[in-house]
Amino acid sequence: MAVYLPIMLDCRGRRCLVVGGGAVAVRKIRSLLEAQALVTVVSPALAPGLEELAAAGAVDWRRRAFAPGDTAGAWLVFAATGDREVNAAAVREAKAAGIPVSAADDPEAGDFISPAVVRRGRLTVAVSTSGAGPGAAAGIAAALEDFLGEGYEPYLDWLHRMRSEIKRREPRPEIRRKLLRKLASPEEFEAFQGRDWMAEEWSPERIEAWMTENREE
Ligand SMILES: C[C@@]1(CC(=O)O)C2=NC(=C\c3[nH]c(c(CCC(=O)O)c3CC(=O)O)Cc3[nH]c(c(CC(=O)O)c3CCC(=O)O)/C=C3\N/C(=C\2)[C@@H](CCC(=O)O)[C@]3(C)CC(=O)O)/[C@H]1CCC(=O)O
Ligand SMILES: NC(=O)c1ccc[n+]([C@@H]2O[C@H](COP(=O)([O-])OP(=O)(O)OC[C@H]3O[C@@H](n4cnc5c(N)ncnc54)[C@H](O)[C@@H]3O)[C@@H](O)[C@H]2O)c1
C-alpha cells in the first residue's frame, strides 16, 4: 500500500494537462483553476460545465484524442479519460519525461492522487483514504466542513496580518516565537471570535499594543 506524502503545491501560472473531458476531468479542472493553474485539456468532447470554461478561454481545449507528445511542457498531468489504454499511454509518457502524473482509473500507476478538500479562505483541509474509498473521503470532508464553521477564514486573515508584522517588527527570536505561539493559540482564536475584524482598523498602534501586552505576559 502506498503511504502518500501530503504536500501543498503552488500551481499558480503552471501549465497542467488534463487528458479527457468527462465528469472526473471536470473535478480535477475546477480544483486546478481554483489553484490558479494554467489548464490544457485534450479530449474530443467536453462535459457540459467544461464547454463553457473552454468557450470563455479559462481552459485551453485541444479538441481531439490524446496523441504522443501531448505531455510535453506540462508541469503536472491528470490522465482521466474513460479509456484505460489511453490513460496508461499518458502515464507512460509523463513518467518518461519526469512529469508527476495521476491516473483516475489506476491510482497505483500514477505518482499522486487527489484528496477531498474543504476550504475556508486561507484554511485548506485535505482528506484522503489513500484510495480506499473516495466517496468516504468526500463524506469525511463534508463532516469536517460542518465541524469547522465559518470562524477560521477571518481569523486566518488576521493571523496572516499579525504574523507578518511580528516577523517584521520583533527581531529577538525568543520573543518572536512567544508572540507567534500566542497568536496561534486556542485562547487567541476564542478571543478573536468576539472581535469585529477589519484590516484597516488594525492600525500599527493597535498591533504594537497587542505585541506589548503579550510580550509581557
Ligand atoms: C476525493 C475525490 C477528489 C477528486 O476527484 O478531485 C476523489 N474522488 C472523488 C469522488 C469519487 N470518486 C469515485 C466515486 C464513486 C464512489 C466511490 O467509488 O467511492 C466518488 C464519489 C462521488 O462521485 O460522489 C469513484 C472512483 N474514484 C477513483 C476510482 C478508481 C479506483 O478506485 O481505482 C473510482 C472508481 C471508478 C470505477 O471503477 O467505477 C479513484 C480516485 N478518486 C480519488 C479522489 C483518489 C483517491 C482519494 C482518496 O481516497 O484518497 C483516486 C484514487 C485517484 C484520483 O482521482 O485522484 C472526489 C471527491 C470530491 C468531493 O466531492 O469532495
Ligand atoms: N478518480 C475518480 O474520482 C474517478 C471517479 C469515477 C470514475 N473514475 C475513472 O475515471 C474514468 C473517467 O471517468 P469519467 O466519469 O470522467 O468518464 P466519462 O466517460 O464521463 O469521460 C471520459 C472522457 O474521456 C474522453 N476521451 C475518451 N477517449 C479519449 C482519448 N483517446 N483522448 C482524450 N480524451 C478521451 C471523452 O471524450 C470523455 O470526455 C473512468 O473510466 C473511471 O475508470 C475515476
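Residues numbered from 1 in each chain as written. Chains lettered and ligands numbered in written order. Predicted model: local features only at pLDDT ≥ 70, side-chain atom pairs only at ≥ 80, totals over all residues. Heavy atoms only, no water.

**Q** Can you lay out the layout of surface pockets for me, pointing to particular residues and giving the numbers?
**A** When its volume is computed, the largest pocket comes out at roughly 1800 Å³. Looking at the largest pocket, it is lined by 45 residues, and the ones nearest its centre are I113, S114, P115, A116 and V117. At the level of secondary structure, the elements contributing two or more residues to the lining of the largest pocket comprise α1 (23–34), β4 (76–79), β5 (101–103), β6 (116–120), β7 (123–127) and α4 (134–148). Here the lining of the largest pocket takes six residues from α1, the largest share from any one element. Three or more residues apiece are contributed to the lining of the largest pocket by two domains, here domain 1 (6–114) and domain 2 (115–148). (1 Å grid on protein atoms, 1.4 Å probe; cavity = no way out; pocket = protein on both sides within 12 Å on 5 of 7 lines; lining within 4 Å. Points joined across faces, edges and corners; volume = space filled by probe spheres on them. Helix = DSSP H or I, 4+ residues; strand = E, 2+ residues; numbered from the N terminus. Domains from an automatic or database assignment.)

**Q** I'd like a description of the site of ligand 2, backed by residues and values.
**A** In the vicinity of ligand 2, 18 residues are found, and the nearest of them are G21, A23, V24, R27 and F66. In the model, an oxygen atom of ligand 2 is placed 3.1 Å from a nitrogen or oxygen of the G21 main chain. Taking F66, its main chain carries an N or O atom lying 2.9 Å from a nitrogen atom of ligand 2. Protein chains bury 63% of the 850 Å² of accessible surface belonging to ligand 2 in isolation. For the shell around ligand 2, the residue count by class is ten nonpolar, six polar and two charged. (Near = heavy atom within 4 Å. Polar contact = N/O pair within 3.5 Å; in protein donor to acceptor, adjacent residues only side chain to side chain. Areas by Shrake-Rupley, 256 points an atom, 1.4 Å probe, with all protein chains shown as cover. Nonpolar A, V, L, I, M, F, W, Y, C, P; charged D, E, K, R; others polar.)

**Q** Quick one: what's the story with the nonpolar core, residue by residue and with numbers?
**A** Among the nonpolar cores identified, the biggest contains 23 residues, and Y155, W158, M162, I166, L183, W202 and W210 are the most heavily contacted of them. Considering every element that reaches this core, the biggest residue donor is helix α5 (residues 152–169), with six residues. A domain-level breakdown of this core finds at least three residues from each of domain 2 (115–148) and domain 3 (152–216). Setting aside residues up to four positions removed in sequence, W210 forms contacts with W158, M162, I166, L179, K182, L183, E188, R195 and W202. V18, A25, A37 and L76 belong to the second largest nonpolar core, which has 19 residues in total. (Core = buried A, V, L, I, M, F, W, Y, C linked by side-chain atoms within 4.5 Å. Buried < 20%, exposed > 50% of the residue type's maximum accessible area, 1.4 Å probe, protein only. Contact = heavy atoms within 4.5 Å.)

**Q** Which residues make up the pattern of salt bridges, and what values do they have?
**A** Note on pairing: side chains with opposite charge can pair once their charged atoms come close. All told, the structure shown has 16 salt bridges when counted by the stated rule. Notably, a salt bridge pairs R168 with E165, separated by 2.8 Å at the nearest N-O pair. Of this pair, R168 and E165 both sit in helix α5, three residues apart, roughly one helical turn. Overall, R168 belongs to the exposed group, its relative accessible area being 62%. One salt bridge connects R195 with E188, and the closest N-O pair in it is separated by 3.1 Å. Given a relative accessible area of 5%, E188 falls into the buried group. Several salt bridges share partner residues, and in doing so they unite E165, R168, R169, E170, R172, E208 and R215 into one network. (Salt bridge = Lys/Arg side-chain N within 4 Å of Asp/Glu carboxyl O.)

**Q** How would you explain the pairing of β4 if you had to name every residue and give the values?
**A** Of the two faces of β4, the one carrying L76 and F78 and the one carrying V77 and A79 are both buried. Sheet topology places strand β1 (residues 15–19) next to β4; four bridges connect them, and they run parallel. Its bridge partner lying in β4, L17 is registered against V77. Here β4 pairs with β5 via three bridges, running parallel. Directly across from V77, in β5, lies its bridge partner V101. (Pairing = 2+ DSSP bridges.)

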